[in-house]
Amino acid sequence: MQHVASLESSVLVLNKFFMALHIISAKRAFVLLCKETAEVISVADGKFNSYDFGGWKDVSLYKVKSGLPEEGTTSWIRTVSFEIEVPKIIRLLFYEKHPRSNVKFNRRNIFARDENKCQYCGRRFPTTELSLDHIVPKAYSGKTTWTNIVCACTDCNKSKGGRTPEEARMKLIRKPVKPRHSPILSLKLRSDRYHSWKQFLDEAYWSVSLK
Ligand SMILES: [Zn+2]
């Protein structure tokens, strides 16, 4: 069994009606489980079971004791007295609001949309080494919108300066668009680890993000 201490792994959050809302860290998920405002949804062979925190702890204990083979897509948290598997999905027991239909315009989503690639040189960088660039500079009345903001590395940002790409003779690797679905979710879904999330996302989502 693979033991990966991973309070940072991602957990899909469902509302009371099993509709996908957003993604949170394992740490945050455990807080909600301990507060008993959420339960674990565990998917196996297309069926799912729900567990409260105590029940999930028992399931984890059973897995540890029986040494069930894992497919390498689970993470575990070790505490002083027990080990517990990081759930992949939790359901908020009392939250009835529906998922937002609009993707939030923020740094995190822009980085995810651009896959942490500088949109001028095409190279991938850690978030800390990327900045957000106004394609048409603010000084030229460029707006702060999905279609005018892209990730740029320090070097490209410097050589572009306060100019338009045409003026700086630089080309974007692709035209920025407003994403129809959460770009963070789309990135995660490429990994086997988050395979079980699929059934909680609607058909329309899939036809777009699995291309
Ligand atoms: Zn660059």
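Details of the structure are given in the entry above.
Nothing here was measured: the structure is a model prediction, and the numbers come from that model.

### Quick word on the pairing of strand β3 (residues 38–44)
Counted residue by residue, β3 has five buried out of seven residues, so it is predominantly covered. Pairing analysis gives four bridges linking β3 to strand β7 (residues 89–92), with the strands arranged antiparallel. Each bridged residue has a counterpart across the sheet, and for isoleucine 41 the counterpart in β7 is isoleucine 89. The pairing of β3 with strand β4 (residues 47–51) spans five bridges and is antiparallel.

### Looking at the coordination of the zinc ion
The zinc ion binds to the protein through Cys118 (SG), Cys121 (SG), Cys153 (SG) and Cys156 (SG), with metal-donor distances spanning 2.3 Å. Seen from the zinc ion, its four donor atoms lie at angles of 102 to 118°, and the figure they make is tetrahedral. The motif formed by the donor residues of the zinc ion, counted along the single chain, is C-x2-C-x31-C-x2-C. Placement of the pair is cysteine 118 in the loop between α3 (107–113) and β8 (130–134) and cysteine 153 in strand β9 (residues 149–153), with a sequence separation of 35 residues. Here the two residues cysteine 118 and cysteine 153 agree in accessibility, since each one is buried.

### Thoughts on the environment of tyrosine 120
Among the secondary structure elements, tyrosine 120 is positioned in the loop between α3 and β8. Among the residues examined, tyrosine 120 registers a relative accessible area of 9% and is labelled buried. A sequence separation of 10 residues divides tyrosine 120 from isoleucine 110, and the C-alpha atoms of the two residues are 15 Å apart. Side-chain polar atoms of tyrosine 120 contact the side chain of aspartate 133, separated by 2.5 Å.

### Looking at unusual backbone geometry
Excluding glycine, residues mostly have negative phi values, and the peptide bonds linking residues are mostly trans. Of note in the backbone geometry, phenylalanine 18 takes a positive phi value of approximately 65° without being a glycine. Residue position: phenylalanine 18 is located in the loop between β1 (10–14) and β2 (20–25). Although it is not a glycine, glutamate 36 sits at a positive phi angle of roughly 60°. For glutamate 36, a relative accessible area of 59% puts it in the exposed group.

### Overview of helix α1 (residues 26–34)
Buried residues of α1: Ala26, Ala29, Phe30, Leu32 and Leu33, and no others. Down the axis of α1, the sector holding all buried residues measures 160°, keeping them to one side.

### Describing the packing of aromatic side chains
According to the stated counting rule, one finds six aromatic pairs in the structure shown. Judged by centre distance (5.4 Å) and plane angle (40°), the ring pair of phenylalanine 18 and phenylalanine 48 falls under tilted. Of this pair, phenylalanine 18 sits in the loop between β1 and β2 while phenylalanine 48 sits in strand β4, and the two are 30 residues apart along the sequence. Here the aromatic rings of tyrosine 194 and tryptophan 197 are separated by 4.4 Å at their centres, their planes lie at 40°, and the arrangement is tilted.

### Examining the sheet that holds β2
Ordered by their spatial adjacency, five strands build an open sheet running β2-β1-β7-β3-β4, and the pairing between neighbours is mixed. Each edge of the open sheet is held by one strand with a lone partner, namely β2 and β4. Between one strand and the next, the sheet's axes are offset by a mean angle of 35°, whatever the strand orientation. Against the sheet, helix α2 (residues 53–66) contacts β3 and β4, and its axis sits at roughly 115° relative to β4.

### Topic: the pairing of β9
Judged by how many residues are buried, β9 sits mostly within the fold: five of five residues are covered. Going residue by residue along β9, you find Ile149, Cys151 and Cys153 tucked away on one face and Val150 and Ala152 tucked away on the opposite face as well. Two elements, β8 and β9, share five bridges in a ladder whose sense is antiparallel. Pairing of leucine 132 across the sheet is with cysteine 151, part of β9.

Reading the values: the criteria
Residues numbered from 1 in each chain as written. Predicted model: local features only at pLDDT ≥ 70, side-chain atom pairs only at ≥ 80, totals over all residues. Heavy atoms only, no water. Buried < 20%, exposed > 50% of the residue type's maximum accessible area, 1.4 Å probe, protein only. Helix = DSSP H or I, 4+ residues; strand = E, 2+ residues; numbered from the N terminus. Pairing = 2+ DSSP bridges. Donors = N, O, S within 2.8 Å, 3.2 Å for Na, K, Ca; no water. Tetrahedral: all angles 85-135°; square planar, octahedral: opposite > 155°, others 65-115°. Polar contact = N/O pair within 3.5 Å; in protein donor to acceptor, adjacent residues only side chain to side chain. Arc of directions from axis to C-beta. Phe/Tyr/Trp six-rings, centres within 6.5 Å; stacked < 30°, edge-to-face > 60°. Axes fitted to C-alpha atoms, helices over the stretch in contact; angles between N-to-C directions. Contact = heavy atoms within 4.5 Å.

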